[in-house]
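Descriptive structure summary
Here are the chains, one letter per residue:
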Amino acid sequence: MAGKKRGEAQLQAIITNQSLWDEMMLNKGLTVIDVYQAWCGPCKAMQTLFRKLKNELNEDEILHFAVAEADNIVTLQPFRDKCEPVFLFSLNGKIISKVKGANAPLVNEKVMQLINEEKKIAVGEMNRPQYHEIMLADSDTEDAGEVQDESAEEQYNIAIIKPDAVLSGKVHEIKEKITKAGFVIEAEDKRRLTEDNIRNFYSRIADQPDFEDFVSFMKTAISYILVVSQGNKKLAHFEESESEPGTQPGGPSEDHHEVKDKVTSKEVTKRDSLPEYLERQHISQFCDVEDNAINVDKFIDTFFPDFKKMKSMKLEKILALIRPSLFKENKGKKESVLEIIEKEGFKILMQRQIVLSKEEAQTFCKDYEKEDYFENLIENMTSGPSLVLVLLGDNGLKHWKELLGPKSVEEAREYAPESLCAQFARENLPINQLYGSDSLETAEKEIQYFFPPQSTLALIKPHVSYENRDDILKIIKEAGFEVKHMKEILLTKELADCIYLNIRNKDFYKDVLQILFEGPCLLLVLAKWNAVSEWRRLMGPTDPEEARLLSPDSIRAHFGTSILHNAVHGASSAISAEETIRKLFGELDSENLEEN
Ligand SMILES: Nc1ncnc2c1ncn2[C@@H]1O[C@H](COP(=O)(O)OP(=O)(O)OP(=O)(O)O)[C@@H](O)[C@H]1O
């Protein structure tokens with residue numbers, strides 16, 4: 001290794017000039033470089049850690065340590081005359097990370113992570129991550145001990161929470177543990193995996209003797225599929241109390257006390273990969289993780305076909321409102337405001353007509369309360385229905401603001417004649433006939449106000465095939481419902497009576513029961529504004545034949561074969577939804593039931 005004194009089994013190479021530095025950069029694998037100033041010398045406290053790592057890992061081919069004097073090495077100029085020690089991580093000649101301060105746990109974590117990766121890469125278990133070379137600057141804005149780990153792309157894992165964990169109600173706990181540790185659940189889905197899904201995801205264990213039994217087990221019920229990213233490393237810190245004694249990076253070794261004391265919880269960044277973390281939390285038996293970049297990419301495409309598109313967009317939800325006079329005039333017009341909205345690439349997620357009360361109008365138009373036309377405005381706002389919309393669009397907030405143009409008609413006519421404000425101006429009011437939230441925070445509050453979510457119970461009947469169940473779930477999600485809970489059960493007579501309270505006295509009820517007891521039903525708690533009636537609308541008329549005539553896009557029109565085999569059920573009112581959800585899902589959803 002560059003700079004090593006002949007015959008000396010020394011821990012760190014001593015780099016005192018640029019040519020030794022350049023030579024050191026030819027090292028294969030990882031080199032941890034302690035950048036020091038001539039006047040204060042290298043960091044003695046960290047040498048104990050380096051010695052431990054060297055001895056324990058025994059990876060001399062790919063793990064090197066060096067001390068480099070900032071004063072005489074041009075590359076290290078940014079670090080001259082700084083008191084605080086700096087540790088650089090050079091991977092195959094590229095400086096990819098930097099830790100400021102003698103933060104032993106953090107340096108330990110970084111070394112372990114990078115060496116583990118190198119080992120996996122060497123045996124073909126992992127592709128080389130795309131690390132960027134970092135800027136060598138002594139930025140004061142960085143927190144001490146922060147790892148400047150700039151991966152070119154976000155690295156994702158796919159985690160599958162298996163059916164047994166789902167059935168025993170462990171999903172919430174597992175997800176909470178994952179997010180508490182600073183990982184981010186970027187997307188999730190719940191579904192029964194197909195045989196193909198299972199064989200592909202678990203191909204690495206396909207040669208195990210009990211693999212066929214495992215495939216059958218995985219097919220029995222619903223699994224949760226999560227896309228998990230490493231999250232914001234600055235925020236990520238583990239609760240020390242949750243860790244196993246002796247498993248903390250930096251270890252229980254007494255040698256580390258000197259530097260370990262300096263680490264505050266804020267400085268501790270994520271130290272485990274997701275599989276390691278799940279292992280440490282004793283939940284790995286419930287949740288399998290794929291972290292190989294190529295496989296993850298493939299599974300994201302399989303399970304979440306829109307994920308990449310969504311990630312490349314900055315999708316934002318905002319509230320828009322068309323004031324009463326424009327709404328009235330615009331109804332049925334050729335180039336209506338709604339058409340313009342859709343042409344501009346917005347998706348209208350929800351819409352409702354609402355006549356604002358005087359108080360609501362006053363709150364809503366607060367910005368104008370000092371204007372002399374305020375009274376006129378309130379009168380106008382309460383004179384008839386406004387159309388309130390929830391719009392989803394790429395960079396939605398900015399885009400909608402740009403489309404609207406200035407708040408005042410005068411300004412819009414002068415500076416933005418193309419804006420909606422200028423185009424749809426009314427003579428009797430000098431302000432924009434359209435409204436948009438002014439921040440994402442306001443948008444969230446306004447959406448909650450105008451579109452408070454409601455829960456309803458949905459049931460997919462036993463006769464619906466698994467493929468069709470997946471299709472129905474897709475339709476449900478596309479219609480903007482959130483699937484809050486889902487479980488597959490064999491209904492008992494008692495539960496069926498609770499669900500079908502209204503028809504228990506009908507002659508055909510015995511036939512309904514027979515259909516329901518044919519196999520497992522899929523029970524769902526769906527949430528959305530106006531969920532009860534929205535779900536009933538999506539289901540369509542009771543009889544599929546009628547549905548095909550009157551509501552050909554409905555679920556019953558597509559998946560129903562007869563009045564008894566009509567694919568789905570939905571609660572008939574908010575009250576019955578609340579009662580049946582409580583009965584079927586226990587207290588699980590009780591925190592949200594008040595919404596109904
Ligand atoms: N005349 C009938 N003959 C046979 N079965 C019927 C008849 N009417 C309704 N059903 C069955 O009973 C179920 C409950 O009937 P209900 O009148 O509550 O209809 P619904 O509200 O459209 O359906 P659901 O309650 O299942 O959402 C229906 O889904 C259907 O399968």
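Residues numbered from 1 in each chain as written. Predicted model: local features only at pLDDT ≥ 70, side-chain atom pairs only at ≥ 80, totals over all residues.

**Description of the site of the ligand**
Filter applied, for reference: Nearness here is judged by the C-beta atom: place it from the backbone, and if it falls within 6 Å of a molecule or strand, the residue counts as near that partner. Secondary structure elements are taken from DSSP: a helix is a run of H or I of four residues or more, a strand is a run of E of two residues or more, and numbering for both begins at the N terminus. Residues were grouped as follows: Ala, Val, Leu, Ile, Met, Phe, Trp, Tyr, Cys and Pro as nonpolar; Asp, Glu, Lys and Arg as charged; and all remaining residues, including Gly, as polar.
Every residue close to the ligand is listed here: Asn502, Ile503, Phe508, Asp511, Val512, Thr542, Ile563, Leu564, Asn566, His569, Gly570 and Ser572. Sorting the residues of the shell around the ligand by element identifies helix H22 (509-516) and strand S17 (568-570) as the ones contributing at least two each. Looking at the shell around the ligand residue by residue, the class counts come to five nonpolar, six polar and one charged.

**Comments concerning the UniProt feature "active site" (unreviewed entry) in the protein**
Condition: UniProt positions are given in the numbering used here, feature names are shortened, and annotations may be inferred rather than shown by experiment. Any residue surrounded by 20 or more other C-beta atoms within 10 Å of its C-beta is treated as buried, while 12 or fewer makes it exposed and the intermediate range makes it partly exposed; C-beta atoms here are placed from the backbone. What counts as a contact here is a pair of residues whose C-beta atoms, placed from the backbone, lie within 7 Å.
Those residues carrying the UniProt feature "active site" (unreviewed entry) are His282 and His569 in this numbering. With respect to the element layout, His282 can be found in the loop between helix H9 (274-280) and strand S9 (287-290). Residue class for His282 comes out exposed when judged on the 10 C-beta atoms lying within 10 Å of it. Examined against the element boundaries, His569 turns out to sit in strand S17. Setting aside its immediate chain neighbours within four residues, His569 contacts Leu459, Lys461 and Ile499.

**Notes on the sheet that holds strand S3 (residues 63-69)**
For the record, the criterion: Two strands are counted as paired when DSSP detects at least two bridges linking them. Axes here refer to lines fitted to C-alpha atoms; in helices the fit is confined to the stretch in contact. Angles between the N-to-C directions go from 0 to 180 degrees.
Read across the sheet, five strands follow the order S1-S3-S2-S4-S5 without closing on themselves; strand pairing throughout is mixed. The sheet is open, and its two edges are formed by strand S1 (13-15) and strand S5 (94-100), each paired on a single side. Each strand axis lies, on average, 25° off the axis of its neighbour in the sheet, ignoring direction. As judged from the six bridges shared by strand S2 (residues 30-36) and strand S4 (residues 86-91), these two strands associate in the antiparallel manner. In the strand pairing of S4, Asp34 is matched with Phe87. Most of the contacts of helix H2 (residues 44-57) go to S3, to which it runs at about 155°, and overall it touches S2 and S3. Together, S2, S3, S4 and S5 form the strand contacts of helix H3 (residues 104-122), whose direction differs from that of S2 by roughly 155°.

**Points about H2**
Quick reminder of the rule: Between the first and last residue of a helix there are one fewer steps than residues, each counted as 1.5 Å, and that sum is the expected span. This arc corresponds to the set of directions leading from the helix axis out to the C-beta atoms.
Taking 1.5 Å of rise per residue, 14 residues should cover 20 Å, and H2 covers 20 Å from first to last C-alpha, within 8% of that figure. All of the buried residues along H2 are Met46, Leu49, Phe50 and Leu53. Down the axis, H2 shows its buried residues gathered within 100° of arc, on one side only. In H2, those exposed residues whose orientation departs by more than 90 degrees from the buried face are Lys44 and Asn55. Trailing H2 by a residue or two, Asn58 shows a phi angle of about 50°, which is positive.

**Side note on the UniProt feature "binding site: ATP" (unreviewed entry) in the protein**
Here the UniProt feature "binding site: ATP" (unreviewed entry) sits at Lys461, Phe508, Arg536, Thr542, Arg556 and Asn566. Here Phe508 falls in the exposed class, since 10 other C-beta atoms lie within 10 Å of it. As for its placement among the helices and strands, Arg536 is situated in helix H23 (residues 531-539). Given 19 C-beta atoms within a 10 Å radius, Arg536 is considered partly exposed.

**Regarding the pairing of S3**
With seven of seven residues buried, S3 is to be regarded as a mostly interior element. Burial of S3 is two-sided: the residues Leu63, Phe65, Val67 and Glu69 facing one way and the residues His64, Ala66 and Ala68 facing the other way are all buried. The pairing of S1 with S3 spans three bridges and is parallel. By the bridge assignment for S3, Ile15 is matched with Ala68. Sheet topology note: the S2/S3 ladder contains seven bridges and is parallel.

**What about the confidence of the model for the protein?**
Let me state the cut-off plainly: The predictor's confidence in any single residue is recorded as pLDDT, a number from 0 to 100.
In the predicted model, the protein carries a mean pLDDT of 83, and 86% of its residues have values of at least 70. Across residues 140-152, confidence stays below pLDDT 50; counting only partners more than four residues off in sequence or on other chains, it has 32 contacts. Confidence drops under a pLDDT of 50 for residues 589-596, and excluding neighbours within four residues, the segment shows 21 contacts in the predicted structure. Among the prediction metrics, the complex's ipTM stands at 0.96, with pTM recorded as 0.60.

**A word on the environment of Ala416**
Note on placement: Ala416 falls in the loop between helix H17 (409-415) and helix H18 (420-423). On the basis of neighbour counts, which here come to 17 C-beta atoms within 10 Å, the residue Ala416 falls in the partly exposed class. Sequence separation between Ala416 and Leu404 is twelve residues, and the spatial gap between their C-alpha atoms is 9.4 Å. Ignoring anything within four residues of it in the chain, the contact list for Ala416 reads Gly405, Pro406, Cys421 and Ala422.

**Observations concerning the sheet that holds strand S14 (residues 453-460)**
Spatial strand order, S15-S16-S14-S17: four strands in an open sheet with antiparallel pairing. Single-partner strands in this sheet number two, and they are strand S15 (482-489) and S17. Strand after strand, the sheet turns through a mean of 20° between neighbouring axes, direction not considered.

**Topic: the packing of H2 against H3**
Note the threshold: Throughout this description, any angle smaller than 35 degrees is read as roughly parallel, any larger than 145 degrees as roughly antiparallel, any in the 65 to 115 degree range as roughly perpendicular, and the remainder as oblique. Whether a crossing is left-handed or right-handed is set by the direction in which the near helix is turned from the far one by less than a right angle, anticlockwise for left-handed and clockwise for right-handed.
Between H2 and H3, the least distance of the axes is 10 Å, while the angle of their chain directions is 25°. Regarding the angle of H2 to H3, the classification is roughly parallel. The interaxial crossing formed by H2 with H3 has right-handed handedness. Only Ala104, Val107, Asn108, Val111 and Ile115 of H3 make contact with H2, whose side of the interface consists of Met46, Leu49, Leu53 and Leu57. Class assignment of the residues belonging to the contact of H2 with H3 gives a composition of eight nonpolar, one polar and no charged.

**Focus: the environment of Lys110**
Along the chain, the position of Lys110 falls in helix H3. Judged by local crowding, Lys110 falls into the buried class, with 24 C-beta atoms found within 10 Å. Sequence-wise, Lys110 and Lys98 are twelve residues apart; in three dimensions their C-alpha atoms are separated by 9.7 Å.

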